[in-house]
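Each chain is listed here by its residues.
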Amino acid sequence: MKCELCQTRNAKIKRPKNQMPVCHECFYIVFEEEIHHTIMTNNLFKRGERIAIGASGGKDSTVLAHVMTTLNKRYDYGLNLELLSVDEGIIGYRDDSLETVKKNQITYELPLTIVSYKDLYGWTMDEIVKVIGLTNNCTFCGVFRRQALDRGAMLIKADKIVTGHNADDIAETVYMNILRGDFFRLHKCVDIMTGREDALPRCKPFKYTYEKEIVMYAHFKKLDYFSTECIYSPNAYRGYVRELIKDLEKVRPSIITDIIHSGESIKIDTSNVQFPKKMNCKQCGFVASNDLCKACVLLDGLNKGKARVAIGRKE
Ligand SMILES: Nc1ncnc2c1ncn2[C@@H]1O[C@H](COP(=O)(O)OP(=O)(O)OP(=O)(O)O)[C@@H](O)[C@H]1O
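From a predicted model like this one, the values you see are computed outputs, not experimental measurements.

Take the domain arrangement of the chain next. When cut into domains, the chain gives domain 1 (33-272) and domain 2 (276-315). One C-alpha centre belongs to domain 1, the other to domain 2, and the line joining them spans 23 Å. Across the boundary between the two partners, domain 1 contributes 14 residues, which contact 12 residues of domain 2. Counting residues per element, the side of domain 1 that touches domain 2 draws most heavily on helix H6 (residues 137-155), at six residues. Across the side of domain 1 that touches domain 2, the residue classes break down as nine nonpolar, three polar and two charged.

Around the ligand, the surrounding shell holds 15 residues, and the nearest of these are Gly54, Gly58, Asp60, Ser61 and Gly164. At the level of secondary structure, the elements contributing two or more residues to the shell around the ligand comprise helix H2 (59-74) and strand E4 (80-87). Ranked by residues supplied to the shell around the ligand, first place goes to H2 with three residues. For the shell around the ligand, the class distribution of residues is two nonpolar, eight polar and five charged.

A separate point is the nonpolar core. Of all hydrophobic cores here, the largest spans 71 residues; its most connected members are Ile51, Ile53, Leu64, Ala171, Val174 and Ile260. Residue contacts for Ala171: discarding those within four places in its chain leaves Ile245, Ile256, Ile259 and Ile260.

Before going further, it helps to examine unusual backbone geometry. Here Asn43, not a glycine, exhibits a phi torsion of approximately 45 degrees, which is positive. Residue position: Asn43 is located in the loop between helix H1 (24-41) and strand E3 (50-54). You will see that Asp76, though not glycine, has its phi angle at about 50 degrees, which is positive. On the basis of neighbour counts, which here come to 9 C-beta atoms within 10 Å, the residue Asp76 falls in the exposed class.

Let's shift gears to the confidence of the model for the chain. This prediction gives the chain a mean pLDDT of 92; 97% of its residues lie at or above 70. Here the complex is predicted with pTM 0.94, and the ipTM for its interfaces comes to 0.96.

A few words on the sheet that holds strand E5 (residues 112-116). Taken in spatial order, the six strands of this open sheet run E5-E4-E3-E6-E8-E7, and their pairing is mixed. The open sheet has two edge strands with one neighbour each: E5 and strand E7 (193-194). Of the pairings in the sheet, the one linking E7 to strand E8 (residues 202-203) comprises two bridges and is antiparallel in character. Looking at the pairing, Thr194 lines up with Arg202 of E8. Contacts between H2 and the sheet are confined to E3, E4 and strand E6 (160-162), with E3 contributing the most and set at about 155 degrees to the helix. Along the sheet face, H6 touches E3, E4, E5 and E6 and points at about 140 degrees away from the line of E4.

Here we take up the UniProt feature "binding site: ATP" (unreviewed entry) in the chain. With numbering aligned to this structure, UniProt lists the feature "binding site: ATP" (unreviewed entry) at Gly54, Ala55, Ser56, Asp60, Val86, Gly164 and Asp169. Mapped onto the fold, Gly54 is located in strand E3. Note on Gly54: 22 C-beta atoms within 10 Å, which makes it buried. Not counting residues within four places of it along the chain, the set of residues in contact with Gly54 comprises Ser61, Leu84, Leu149, Ile161, Val162, Thr163 and Gly164. Examined against the element boundaries, Ala55 turns out to sit in the loop between E3 and H2. If near-sequence neighbours (up to four positions away) are discounted, Ala55 is found in contact with Ser61, Ala65, Leu83, Leu84, Ser85 and Val101.

Definitions and limits used
- Residues numbered from 1 in each chain as written.
- Predicted model: local features only at pLDDT ≥ 70, side-chain atom pairs only at ≥ 80, totals over all residues.
- Domains from an automatic or database assignment.
- Contact = placed C-beta atoms within 7 Å.
- Helix = DSSP H or I, 4+ residues; strand = E, 2+ residues; numbered from the N terminus.
- Nonpolar A, V, L, I, M, F, W, Y, C, P; charged D, E, K, R; others polar.
- Near = placed C-beta within 6 Å.
- Core = buried A, V, L, I, M, F, W, Y, C linked by C-beta atoms within 7 Å.
- Buried ≥ 20, exposed ≤ 12 C-beta atoms within 10 Å, placed from the backbone.
- pLDDT = per-residue confidence, 0-100.
- Pairing = 2+ DSSP bridges.
- Axes fitted to C-alpha atoms, helices over the stretch in contact; angles between N-to-C directions.
- UniProt positions renumbered as here; feature names shortened; annotations may be inferred.

Here is the structure:
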């Protein structure tokens, strides 16, 4: 079968996004051009900006570093790209994936900054898990990582952070927020750029990019990425939603894009939604919706030996 795009070479893959049979060369082109289109139509960047690429060494952020470098050169975006990694302190997982980031730093000739939970908070995830166990550790990790990325980006004086969140991640989040009735997050999670009004906006150039295509791109281009899941069990609830969407995808391949578009089209009745206030944490000065930010509340709990109370559980 011939490639549907060039009509010359033999088709080697069926695009997961639309089932189109394409050759490798055309796949690379459409994959990169769609991301360029997303960047341009959403005005994600301005010339001269310093962009921190959240680099975990996994497939998404490795492809992100590759594609951002490629497009920055091809279209002369004029961006100063840098890699920014957070070392959560998980032996046998993050130490290995950071080795991959270090190799990519050399491949893409980008500066790399690594910030660690140990330096920022005095705790590694390994130490936190010893105290709290495996049930709620993702809460600590998620809250700390979010702030650690901000802190790292401020350190390198970045104007924006980009992350490798892909279409599958966003569709899952839309679905999860609907199932939880969390309308504030539902409203926010489809934004391609959050925190526009803050000092450090975050962008998701892969908002419409299917995870399967990211894996294919990384695989065929032979990119160096680390493919092991976090050893501290992934978020179980998200796992169920992911399975559900994967099942639906078998009968309706466009389901991921459809869910994102539904999320974008839902109009939230703001009179019924409590939007969190925006203020600065009285302890660390970072963005908070209460007197203390979530990271400081969790950290105080850990330091006082009341970690479970800090996440709202009984001791
Ligand atoms: N430790 C980290 N350091 C820097 N950025 C990170 C880190 N962990 C996650 N990110 C950023 O957040 C995005 C989404 O993270 P998530 O935990 O969902 O991982 P993922 O889907 O497995 O992505 P990846 O394949 O890049 O690891 C990543 O693509 C990356 O840009």
